[in-house]
Amino acid sequence: PFPFPFPFPFPFPFPFPFPCMDMISIVTSVHFWANLQLLEEIIRPIQCAITETQADGPISNIWKIWADLEAFFDPIKPSTMSVVLRQKIVESLNKRWELFSTRIHISSFMLDPRFRHIPSSTKDNESEAHFQSAEEFIRKYDFNADKWAAGLQQAWIDFRLEEGVFSNQCQVTDDPVIWWKRIRAMSTRNKWLSDIAIEILSFPGSAAAVERTFSVVRRIHTWQRNRLRRETLQKLVYIYINRRALNKSLIE
């Protein structure tokens, strides 16, 4: 079920009978296809966001995905959808987002060098609040007042302002963990912030990859093959998953 109602002006009541002539009139109605196109316009970005959320990317991708989704349904943005409908969608998305968004999500987004030029929200006051929340989370992550005063705070500021070694750009296709490892190798002064960033950005965005692995295990370790050794099962799962990934990359 969708998390929000669809106030579409359908030309028929619910439930409606299904005589042949009524169905033909419904399908050939201009209102029906206009509403269907509007429904697709709403569902497609939500479906893409859900698919990207369940991918194997870092946790920082989650905030970016939902920020893009909120921007897509921004009531101020020109669209074929009515302002009232977009406001209802944004309100429903925000309610859903509040259920599972935490400070680690915004902190990972702020620590990801790929997203430094992307605002965390379409509202300036919310972006500032997100920055303060991320800074507090980083300061308390490995709470040590001496570390914060000795260089962690300055490293955080330099990173956000892209000064010093942090001026190195990170492309969208790059791995943020590898980027931070390079920063740590270039300057030991930024070791504390690099360690925190590497640890946070190493968290998976969702448990979907783990669930897929469990499904593969159930597919291989059946009741007919219940005497497989753990090492054998591990190798079979590794081959199965990587073979599918290799075949997909070859097709693309």
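A brief report on the enclosed structure follows. These figures come from a predicted structure and were not determined experimentally.

**Comments concerning the overall build of the protein**
Along its length, the protein carries 11 helices and 0 strands. Across the 252 residues in the protein, those meeting the buried criterion constitute 35%. Considering only intrachain contacts with a sequence separation of at least 6, the fraction spanning at least 24 residues in the protein is 62%.

**A few points about the environment of Pro176**
One can find Pro176 in helix H8 (residues 176–186). Separated by 118 residues in the primary sequence, Pro176 and Pro58 place their C-alpha atoms 8.6 Å from one another. Beyond its immediate chain neighbours, meaning those up to four positions away, Pro176 contacts Pro58, Asp112, Pro113, Arg114 and Leu201.

**What about the environment of Asp195?**
Tracing the sequence through the fold places Asp195 in helix H9 (residues 191–201). On the basis of relative accessibility, which here comes to 22%, the residue Asp195 falls in the partly exposed class. With 14 residues separating them in the primary sequence, Asp195 and Lys181 have C-alpha atoms 8.4 Å apart. Polar side-chain contacts of Asp195 include one of 2.8 Å to the side chain of Lys191.

**Examining the nonpolar core**
One finds Ile42, Phe73, Leu111, Trp156, Trp180 and Leu193 to be the most contacted residues of the largest nonpolar core, which totals 43 residues. When residues of this core are traced back to their parent elements, those giving at least two are helix H2 (30–53), helix H3 (60–72), helix H4 (83–100), helix H5 (103–111), helix H6 (124–141), helix H7 (145–161), H8 and H9. Those residues within four positions of Trp180 in sequence are excluded, and the remaining contacts are Leu111, Pro113, Phe159, Phe166, Leu193, Ser194, Ala197, Ile198 and Leu201.

**Remarks on the pattern of salt bridges**
A complete count under the given rule lists 7 salt bridges for this structure. One salt bridge connects Arg44 with Glu40, and the closest N-O pair in it is separated by 2.4 Å. Of this pair, Arg44 and Glu40 both sit in helix H2, 4 residues apart, which is roughly one turn of the helix. Taken together, the shared-partner salt bridges in this structure form one network comprising Arg103, Glu136 and Lys140.

**Describing the packing of aromatic side chains**
For any pair of aromatic rings, geometry is given as the distance between the ring centres together with the angle between the planes. Inspection of the entire model under this criterion finds 8 aromatic pairs. Measuring from centroid to centroid gives 5.6 Å for Phe131 and Trp156, while their planes differ by 25°, and the two rings are stacked. Of this pair, Phe131 sits in helix H6 while Trp156 sits in helix H7; the two residues are 25 residues apart in sequence, bridging distant segments of the chain. Ring geometry for Trp156 and Phe159: centres 6.4 Å apart, planes at 35°, overall tilted. Taken together, the residues span about one helical turn, with Trp156 and Phe159 both in helix H7 at a distance of 3 residues. Three or more aromatic residues link up through ring pairs in this structure, and these residues are Phe131, Trp156, Phe159, Phe166, Trp179 and Trp180.

**Quick word on a positive patch on the surface**
A cluster of basic residues, Arg218, Arg219, Arg243 and Arg244, forms a positive patch at the surface. Where the positive patch is concerned, the elements lending two or more residues are helix H10 (208–220) and helix H11 (230–251). Considering the arrangement of structural elements, one finds Arg243 in helix H11. The class of Arg243 is partly exposed, set by a relative accessible area of 48%.

Scoring rules and cut-offs
- Residues numbered from 1 in each chain as written.
- Predicted model: local features only at pLDDT ≥ 70, side-chain atom pairs only at ≥ 80, totals over all residues.
- Heavy atoms only, no water.
- Helix = DSSP H or I, 4+ residues; strand = E, 2+ residues; numbered from the N terminus.
- Buried < 20%, exposed > 50% of the residue type's maximum accessible area, 1.4 Å probe, protein only.
- Contact = heavy atoms within 4.5 Å.
- Polar contact = N/O pair within 3.5 Å; in protein donor to acceptor, adjacent residues only side chain to side chain.
- Core = buried A, V, L, I, M, F, W, Y, C linked by side-chain atoms within 4.5 Å.
- Salt bridge = Lys/Arg side-chain N within 4 Å of Asp/Glu carboxyl O.
- Phe/Tyr/Trp six-rings, centres within 6.5 Å; stacked < 30°, edge-to-face > 60°.
- Patch = residues over 30% accessible without salt bridge, like charges linked within 9 Å, V, L, I, M, F, W, Y side chains within 5 Å.
- Areas by Shrake-Rupley, 256 points an atom, 1.4 Å probe, with all protein chains shown as cover.
- Lys, Arg positive; Asp, Glu negative; His and termini not counted.
- Charge placed at Lys NZ, Arg CZ, Asp CG, Glu CD.

Such coordinate-based values are descriptive only and should not be taken to indicate function.
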